[in-house]
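Here is how the chains run, residue by residue.
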Amino acid sequence: MNISSIRKNYLKDHLNEQEAGDDPIALFGNWLDDAVKSGVCEPTAMVLSTISPEGYPSSRVVLLKGLDNGRLHFYTNYTSNKGRHLNENPRASLLFFWGELERQVRFEGAVTKLPAADSDEYFLSRPYESRIGALVSRQSSVVVGREDLDREFARLFERMKSNQEEIIRPEYWGGYALDPLSVEFWQGRANRLHDRLRYTMTKNNWVRERLSP
Ligand SMILES: Cc1cc2nc3c(=O)[nH]c(=O)nc-3n(C[C@H](O)[C@H](O)[C@H](O)COP(=O)(O)O)c2cc1C
């Protein structure tokens, strides 16, 4: 297969300053709504990039679980690789790519842990089996084999069920919020002349600029 010949012309939509408005969080909310309504696979999936202590960028997909006061929430294991990176360097980027809509949104900003009460509440809202999964997984550590995970899951499931124990959040699992300092919207256009609008937080206000594609 000749992958260099794969080419797509983007013709679906456009993004102009007037329609975009002054508030990138409001615009993001509208684009997220569009993504959910259009039925794209995992519309809340976003690529989280962190920096390792050695200075290497590291990316993985996580799910957006809340948008509150302009801050983006996600949940994970605090002792995972990303958790350790954020401990040392609490800055990250989040990227959404909605191919079917020919759109990308990029956030950059500072990351803080959510209050324990918020993580408790979200953890309890998760399905029973997912909560057991969080207890079983020491995310990002090496495991001998798949069987070990399945065995531990079955053991905990039986124990919890027979004791009728409620599964509460382990302290190594919880949420983060990214507070954006910049947000960039990309809408694919014809002839590679895409629309890019970037909002940068400057003296407590969003400043909007158009970027060359
Ligand atoms: C669609 C999708 C959704 C995911 N959602 C999450 C999530 O919300 N939280 C999470 O910790 N990992 C999630 N993952 C798994 C991560 O991509 C990653 O494998 C894991 O968090 C370990 O990353 P790390 O070793 O860099 O810390 C998701 C993966 C995919 C493909």
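Residues numbered from 1 in each chain as written. Predicted model: local features only at pLDDT ≥ 70, side-chain atom pairs only at ≥ 80, totals over all residues. Heavy atoms only, no water.

## Some thoughts on the pairing of strand β2 (residues 57-63)
Then, in step 1: Relative to β2, strand β1 (residues 45-51) is paired through seven bridges, and the arrangement is antiparallel. Residue pairing for β2: S49 is matched across the bridge by S59.
Then, in step 2: Hairpin remark: β1 followed by β2, antiparallel, with five residues in the connecting loop; positive phi at G55, about 95°. (Pairing = 2+ DSSP bridges. Helix = DSSP H or I, 4+ residues; strand = E, 2+ residues; numbered from the N terminus.)

## Here's the deal with the UniProt feature "domain: Pyridoxamine 5'-phosphate oxidase N-terminal" (unreviewed entry) in the chain
Then, in step 1: If you check UniProt for "domain: Pyridoxamine 5'-phosphate oxidase N-terminal" (unreviewed entry), the listed places come out as residues 32-146 in our numbering.
Then, in step 2: Spanning residues 32-146, this segment combines 30% helix with 37% strand, and its end C-alpha atoms are found 35 Å apart. (UniProt positions renumbered as here; feature names shortened; annotations may be inferred.)

## Considering the site of the ligand
Then, in step 1: By nearness alone, every residue bordering the ligand is listed as E42, R60, V61, V62, L63, Y75, T76, S80, N81, K82, Q139 and S140.
Then, in step 2: Within the backbone of N81, one N or O atom sits 3.3 Å away from an oxygen atom of the ligand.
Then, in step 3: For the ligand, whose free accessible area comes to 620 Å², the fraction covered by protein is 64%.
Then, in step 4: Among the secondary structure elements, those contributing two or more residues to the shell around the ligand are β2, β4 (71-77) and α3 (81-88).
Then, in step 5: Of all the elements, β2 adds the most residues to the shell around the ligand, at four residues.
Then, in step 6: Each residue belonging to the shell around the ligand can be placed in one class, and the counts come to four nonpolar, five polar and three charged. (Near = heavy atom within 4 Å. Polar contact = N/O pair within 3.5 Å; in protein donor to acceptor, adjacent residues only side chain to side chain. Areas by Shrake-Rupley, 256 points an atom, 1.4 Å probe, with all protein chains shown as cover. Nonpolar A, V, L, I, M, F, W, Y, C, P; charged D, E, K, R; others polar.)

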